[in-house]
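# Inside the fold
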Amino acid sequence: MQPEEQYLAFLAQGRFMLQRAKESGTYVFFPRVAVPGTGETDLEWVEASGDGTVYSTTVVRSKPPAEDYNVALIDLAEGVRMMGRVVDIDPAAVQIGLKVKAKVGEIDGKPAILFTEAGA
């Protein structure tokens, strides 16, 4: 199974997993077969902490009756950055530096990582 397929299979199981190089401990996202820059191929799957900080955010304005939503870049505690949505908060209230927590949810009926405000 290819790395992206494995990642999606974990999401379907309700698990947020990241790849990590066994020798160096370097985390990788988006899933791949080797660590960028080093070429390490000793990647293993580990449970992500889910802790993150908003690095960048924007509000996507939708035509009614659809609701506006945000798209954010999140710096995870493991040192990788990923794109996601911060939910359960007004999209315009999402600010750079906001502490968030990941959870597995759905976007358009497909499993996806969603973020909520940490401590909320």
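What counts and how
Residues numbered from 1 in each chain as written. Predicted model: local features only at pLDDT ≥ 70, side-chain atom pairs only at ≥ 80, totals over all residues. Heavy atoms only, no water. Helix = DSSP H or I, 4+ residues; strand = E, 2+ residues; numbered from the N terminus. UniProt positions renumbered as here; feature names shortened; annotations may be inferred. Buried < 20%, exposed > 50% of the residue type's maximum accessible area, 1.4 Å probe, protein only. Contact = heavy atoms within 4.5 Å. Core = buried A, V, L, I, M, F, W, Y, C linked by side-chain atoms within 4.5 Å. Domains from an automatic or database assignment. Lys, Arg positive; Asp, Glu negative; His and termini not counted. Salt bridge = Lys/Arg side-chain N within 4 Å of Asp/Glu carboxyl O. Polar contact = N/O pair within 3.5 Å; in protein donor to acceptor, adjacent residues only side chain to side chain.

## Some thoughts on unusual backbone geometry
- Omega for the bond connecting phenylalanine 29 with phenylalanine 30 falls within 30 degrees of zero, at 5°, which places this linkage in the cis form.
- When you line up the elements, phenylalanine 30 lands in the loop between β2 (27-28) and β3 (43-47).
- Following proline 64, the chain continues to proline 65 via a peptide bond in cis, the omega torsion being 15°.
- Mapped onto the elements of the fold, proline 65 is located in the loop between β4 (51-60) and β5 (69-76).
- Of note in this structure, aspartate 88 is not a glycine but carries a positive phi near 65°.

## A few points about the UniProt feature "domain: ChsH2 C-terminal OB-fold" (unreviewed entry) in the protein
- Annotation from UniProt places "domain: ChsH2 C-terminal OB-fold" (unreviewed entry) at residues 45-103.
- In this annotation, residues 45-103 is assigned 0% helix and 54% strand; the end-to-end C-alpha distance for the span is 17 Å.

## Quick notes on the side chain of threonine 116
- Within the secondary structure, threonine 116 is located in strand β8 (residues 110-117).
- On the accessibility criterion, threonine 116 (17% relative accessible area) is buried.
- Beyond its immediate stretch of four places on either side in the chain, threonine 116 contacts Val87, Asp88, Lys99, Val100, Lys101 and Lys103.

## With respect to the nonpolar core
- Formed by 19 residues in total, the largest nonpolar core has its most connected members in Phe16, Val86 and Phe115.
- Broken down by secondary-structure element, the contributors of at least two residues to this core are α1 (3-12), β5, β6 (81-86), β7 (99-107) and β8.
- Among the elements that line this core, the one with the most residues is β5, at 3 residues.
- Taken together, domain 1 (1-47) and domain 2 (49-119) each give at least three residues to this core, which thus spans both.
- Those residues in contact with phenylalanine 16, other than ones at most four positions away along the chain, are Tyr7, Val46, Glu47, Ala48, Gly50, Leu76, Met82, Ala102, Val104 and Ile113.

## Some remarks on the side chain of glutamate 78
- Tracing the sequence through the fold places glutamate 78 in the loop between β5 and β6.
- Of the side chains with opposite charge, lysine 101 lies nearest to the buried glutamate 78, which makes no salt bridge, at 8.1 Å.
- Among the polar contacts listed, one links the side chain of glutamate 78 to the backbone nitrogen of serine 49, at a separation of 2.7 Å.
- Those residues in contact with glutamate 78 that lie beyond four places of it in its chain are Leu18, Tyr27, Ala48, Ser49 and Gly50.

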